[in-house]
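# Overview (structure and organization)
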Amino acid sequence: MSNSEIVNVVITGAAGQIAYSLIFNVIKGDMFGNDQKIKLVLLDIPAMIDGLRGVVMEIEDCAYPLVSSIVCTTDVKEAFTDAHYAILVGAMPRRDGMERSDLLKANAAIFKVQGKAINDYANKNVKVLVVGNPANTNALIASTCAPNIPKENFSCLTRLDHNRAKAQIALKANVNVKDVHNVIIWGNHSSTQYPDSRCGYINLPTGKTPISNVIKNDQWLQGEFITTVQKRGAAIISARKLSSAASAAKAITDHMHDWVFGTPEGEYVSMGVPSDGSYGIPEGIIFSFPVTIKNGKYTIVQGLPIDPFSRALIDSTHSELIQEKTSAFQFIE
Ligand code: NAD
Ligand code: LMR
């Protein structure tokens with residue numbers, strides 16, 4: 001796709017708090033580049049339409065030149081028609097007294113409808129990123145309901161966890177976060193995820209150095225580092241009384257940017273993508289793996305060593321995803 005063509009970008013949950021940061025990253029050019037014109041399609045539910053109109057006024061008032069047009073809608077057919085990129089942020093949040101099964105049920109219904117609309121109306125090369133929780137399972141539902149769109153075009157967000165892992169390593173090692181590379185998030189975007197620093201390295205003035213040679217503290221790398229990243233989302237909710245928003249929007253921007261423009265040579269990032277048997281995770285779920293990206297296509301990094309400690313954590317997050325799938329799929333038959 002050349003930059004002279006306008007790309008159609010759908011953001012759902014557009015009146016919500018993540019979207020309030022995300023939309024402005026997109027129209028500034030942080031996601032698709034500084035010369036890519038965008039038709040912005042904003043979807044939310046009818047109760048939010050007045051708020052959404054306010055967001056549209058602010059988009060106009062930013063006077064960013066990349067915005068070619070804005071559509072504000074509550075209709076999935078209108079939203080997803082000819083979509084090139086679909087960022088599915090909108091989801092039912094967990095409310096007081098709600099059981100996990102209620103949440104799975106409500107969100108299964110949303111992602112079934114949106115998956116079907118993507119199947120029927122979107123561009124056949126549409127790239128889909130699911131952010132709304134439970135993100136991996138919602139992405140699987142949307143993909144299952146979109147059999148005409150290649151499975152590999154559906155992904156879920158674990159880049160926020162990846163960025164969190166890099167930031168924790170940088171803080172501990174007292175280096176700039178830009179010098180931390182190749183950490184991995186395995187599995188579910190939940191507290192069972194496995195943040196893995198074993199293959200990562202830090203660029204020091206003396207050269208590329210394994211993380212464990214800089215942070216010589218296995219107890220921290222296999223303990224507090226992992227639990228801090230696993231529980232970061234909950235810690236932010238507890239402190240802010242709202243879930244992460246600006247950092248989530250930044251991670252969404254990184255995920256889509258790299259999916260379109262690729263990853264630097266030798267560098268990998270974490271993405272929730274359909275499992276293909278790699279690392280003993282059979283097909284049938286959306287699992288976060290280390291990937292490299294070239295020409296708009298990602299490849300799961302192969303051949304990384306998996307020690308018994310890592311195996312146990314990868315198997316545990318895999319089991320949780322299988323359970324989530326079983327619970328959620330009873331609502332979409
Ligand atoms: P929010 O409640 O502020 O906004 C959600 C928006 O979605 C609301 O405007 C709501 O009306 C809308 N919505 C609900 N149902 C919809 C539907 N069927 N179609 C279109 N829009 C719909 O929430 P938020 O803080 O923006 O978070 C959104 C989601 O992202 C939540 O599920 C949250 O848990 C999740 N999240 C995921 C990650 C991640 O890393 N994967 C990180 C942070 C938050
Ligand atoms: C996050 O990781 O910040 C969110 O997914 C937390 C949540 O439950 O919304």
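Refer to the structure printed above.
Our subject in this report is the structure included herewith. Just so it is clear, the structure is predicted and the values come from calculations on it, not from any experiment. (Residues numbered from 1 in each chain as written. Chains lettered and ligands numbered in written order. Predicted model: local features only at pLDDT ≥ 70, side-chain atom pairs only at ≥ 80, totals over all residues. Heavy atoms only, no water.)

## Some details on the overall build of the protein
Regarding its fold elements, the protein presents 12 helices and 14 strands. For a compact globule of 333 residues, the expected C-alpha radius of gyration is about 20 Å, and the protein comes in at 19 Å, within 12% of that figure. With the principal axes as the frame, the protein shows a C-alpha extent of 55 × 45 × 40 Å. Counting only residues that meet the buried cut, the protein has 52% of its 333 residues in that class. Across the protein, every contact between residues at least 6 apart in sequence was considered, and the portion connecting residues at least 24 apart equals 73%. Accessible surface, the protein as shown: approximately 14,900 Å² in total, 52% of it carbon and sulfur. (Helix = DSSP H or I, 4+ residues; strand = E, 2+ residues; numbered from the N terminus. Rg over C-alpha atoms; globule rule 2.2 N^0.38 Å. Buried < 20%, exposed > 50% of the residue type's maximum accessible area, 1.4 Å probe, protein only. Contact = heavy atoms within 4.5 Å. Areas by Shrake-Rupley, 256 points an atom, 1.4 Å probe, with all protein chains shown as cover.)

## Some details on the pairing of strand β11 (residues 207-210)
Sheet topology places strand β10 (residues 201-204) next to β11; 4 bridges connect them, and they run antiparallel. Of the residues in β11, the one forming a bridge with Y201 is P210. What sits between the antiparallel neighbours β10 and β11 is a turn of 2 residues. (Pairing = 2+ DSSP bridges.)

## Quick notes on the site of ligand 2
Around ligand 2 lies a shell formed by N133, L160, R164, H189, G233, I237, S243 and S244. Between an oxygen atom of ligand 2 and a side-chain N or O atom of N133, the distance comes to 2.9 Å. One nitrogen or oxygen atom from the side chain of H189 is found 2.6 Å from an oxygen atom belonging to ligand 2. In isolation ligand 2 exposes 270 Å². Once the protein is present, 73% of that is buried. Within the residue set of the shell around ligand 2, elements represented by two or more residues are α6 (159-173) and α10 (232-240). Looking at the shell around ligand 2, its residues break down into 2 nonpolar, 5 polar and 1 charged. (Near = heavy atom within 4 Å. Polar contact = N/O pair within 3.5 Å; in protein donor to acceptor, adjacent residues only side chain to side chain. Nonpolar A, V, L, I, M, F, W, Y, C, P; charged D, E, K, R; others polar.)

## Brief notes about the site of ligand 1
The environment of ligand 1 is made up of 23 residues, and the closest members are Q17, I18, D44, V131 and N133. Here an oxygen atom of ligand 1 sits 2.9 Å away from a polar atom, N or O, in the side chain of Q17. Between a nitrogen atom of ligand 1 and a main-chain N or O atom of L157, the distance comes to 3.4 Å. Look at ligand 1: alone it shows 870 Å² of surface, and the protein chains cover 84% of it. At the level of elements, α1 (17-28) and α4 (100-121) are the ones that each hand at least two residues to the shell around ligand 1. When grouped by side-chain class, the residues that make up the shell around ligand 1 number 12 nonpolar, 10 polar and 1 charged.

## A word on the packing of α4 against helix α5 (residues 135-144)
Interaxial distance between α4 and α5 falls to 7 Å at its minimum, and their mutual angle equals 40 degrees. Here α5 runs oblique to α4, going by the angle between their axes. The two elements α4 and α5 cross, and the hand of that crossing is right-handed. Every residue of α5 that contacts α4 at N107, A108, F111, K112 and G115 is listed here: N138, I141 and A142. For the contact of α4 with α5, the residue count by class is 4 nonpolar, 3 polar and 1 charged. (Axes fitted to C-alpha atoms, helices over the stretch in contact; angles between N-to-C directions. Parallel < 35°, antiparallel > 145°, perpendicular 65-115°, else oblique. Left-handed = near helix turned anticlockwise from the far one by under 90°.)

## Details of the state of the cysteines
Tallied over the entire structure, the rule returns 0 disulfides. C62 takes part in no disulfide bond, and the closest cysteine sulfur to it belongs to C72, at a distance of 15 Å. C62 gets classed as partly exposed once you look at its relative accessible area, which sits at 32%. Not part of a disulfide, C145 finds its nearest cysteine sulfur in C156, a span of 16 Å. (Disulfide = S-S within 2.5 Å.)

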